[in-house]
Structure formats: C-alpha cells, structure tokens
Amino acid sequence: MPEVHTYPPCRIRPAAPPDEAALGELDRATWSTLHAVMPRPQPPYAPFFDDRHRPEDFLVAEAQDGAGEPRLAGYTRVVPPTPLACNAHVRQIQGLAVADWARGRGIARALLRAALAAARGDGANRMTLRVLGHNAPARALYESEGFVVEGVLPGEFFLDGRYVDDVLMGRPLAP
C-alpha cells in the first residue's frame, strides 16, 4: 500500500489499527441495500478488522468536516481476489464507502485513484470489482475511471423485495 498521498480534497493513507472504531462506525452509517448484500449490522458489532480484513488491506481518506476538523471521510479495501499465484497480478476492490458529510467532494474518486496507484505499486496489472446493478452512482464513477462491464450475474441477489444483478467490472492498470 502507498504511504500518504494528497488527492484534493482529502489525504489518503493506509489504514492503521487505531482506525478500527471510526471505520466500524463509518461502515455502519453508510450501510444500504444500494451496495450491501449482507444484512444491516446489529449490536454487538463484529470487529471491523479481522483475519480476512486486515488494516493493510484498506486505504482511508481524511478530510475536513464542516467544523474544519480532520476526520475519517471514507475507505476502500483492495486485495488479491484469490490466494492463487496464477492471478497474483490482479487486485480487487472489495468495498468503497464515503461518509454522508463528505459526499459530493470527490472523495470516492480520490480513493479509487489511490487504489489503482497502490495496486500498480504492488506490481498488479489489472483491477476488478463487483457492483450491484442498481447502484448507478458507483457504476458511473467506475466507468468514468476506465472500468468496463465484463460480466453480469442476473438476479444474483434478492434485496428489498427485488432481484438485483451482480455486475463484474475490470480494467487494466497501465498508466
């Protein structure tokens, strides 16, 4: 993962263990069937970091809130999609969230660009992700950053009383 980078309007850095509480709160606050397939988290909450979700897998964005104080504004998780050596050249975005107060400020785009740069820095040459078919804002962001639809699993999930497609997207990491 990269060191600290500034992408106006935020500062992006690798996550660290002290970020766990803020990341858990952000994850719960942004939960929605627009992007989540798991049920809404309920107390007692599971730890944000665990054996499969390590701090080094996450990039976090810090931005000034309405009071001018720096706060955790968003995160993304970037990992190899499998433990197989034959696809070690691929990284996958497995989560991207931005706090409500920070939306519309380019934070998701900055996180996405930082994830692409981090994957390149790790020697990857391809990035993939999965997005729910009805999540038009996320799909538009990914498409604007060079991702293309590579497959669709029709009706893969049943959310809020309707079937929702699972859209597979990818792009090369050439600069």
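Presented here is a report on the structure given in the accompanying data block. (Residues numbered from 1 in each chain as written. Predicted model: local features only at pLDDT ≥ 70, side-chain atom pairs only at ≥ 80, totals over all residues. Heavy atoms only, no water.)

What follows deals with the packing of helix α2 (residues 107-121) against helix α3 (residues 136-144). At their nearest, the axes of α2 and α3 sit 11 Å apart, and the two run at 45 degrees to each other. With respect to α3, the axis of α2 lies oblique. In terms of crossing hand, the pair formed by α2 and α3 is right-handed. Mapping the contact onto sequence places Ala108, Arg109 and Leu112 in α2 and Leu141, Tyr142 and Ser144 in α3. (Axes fitted to C-alpha atoms, helices over the stretch in contact; angles between N-to-C directions. Helix = DSSP H or I, 4+ residues; strand = E, 2+ residues; numbered from the N terminus. Parallel < 35°, antiparallel > 145°, perpendicular 65-115°, else oblique. Left-handed = near helix turned anticlockwise from the far one by under 90°. Contact = heavy atoms within 4.5 Å.)

Every buried residue of α3 is listed here: Ala138, Leu141 and Tyr142. The buried residues of α3 occupy an angular sector of 95 degrees when the element is viewed end-on, so they sit on one face. Against β5 (90-98), α2, β6 (126-132) and β8 (162-172) lie the buried residues of α3. Of the residues trailing α3, Gly146 is marked for its positive phi of about 95 degrees. (Buried < 20%, exposed > 50% of the residue type's maximum accessible area, 1.4 Å probe, protein only. Arc of directions from axis to C-beta.)

Relative to the helices and strands, Gly146 is located in the loop between α3 and β7 (148-159). A C-alpha to C-alpha distance of 15 Å links Gly146 and Ala108, two positions 38 residues apart in sequence. Each residue touching Gly146, except ones within four places of it in the same chain, is listed here: Gly170 and Arg171.

Turning to unusual backbone geometry, a few remarks are in order. Residues Pro43 and Pro44 are joined by a peptide bond in cis, for which omega reads -5 degrees. Positionally, Pro44 belongs in the loop between α1 (20-29) and β3 (58-64). Positive phi, close to 50 degrees, is recorded for Asp160, a residue that is not glycine. Relative to the helices and strands, Asp160 resides in the loop between β7 and β8.

Looking now at the nonpolar core. If you look at the biggest cluster of nonpolar residues, it comprises 30 residues, and the most contacted ones within it are Ile12, Ile93, Ile107, Met127, Tyr142 and Phe147. Elements that contribute at least two residues to this core include exactly β2 (10-14), β3, β4 (70-79), β5, α2, β6, α3 and β8. Considering every element that reaches this core, the biggest residue donor is α2, with nine residues. (Core = buried A, V, L, I, M, F, W, Y, C linked by side-chain atoms within 4.5 Å.)

Time to look at the environment of Val37. Within the secondary structure layout, Val37 lies in the loop between α1 and β3. Residue classification places Val37 among the partly exposed residues on the basis of a relative accessible area of 38%. A C-alpha to C-alpha distance of 8.8 Å links Val37 and Leu132, two positions 95 residues apart in sequence. Look past the residues within four positions of Val37 in its chain and what remains in contact with it is Leu132, Phe157 and Leu159.

These results come straight from atomic positions and should not be treated as a statement about function.
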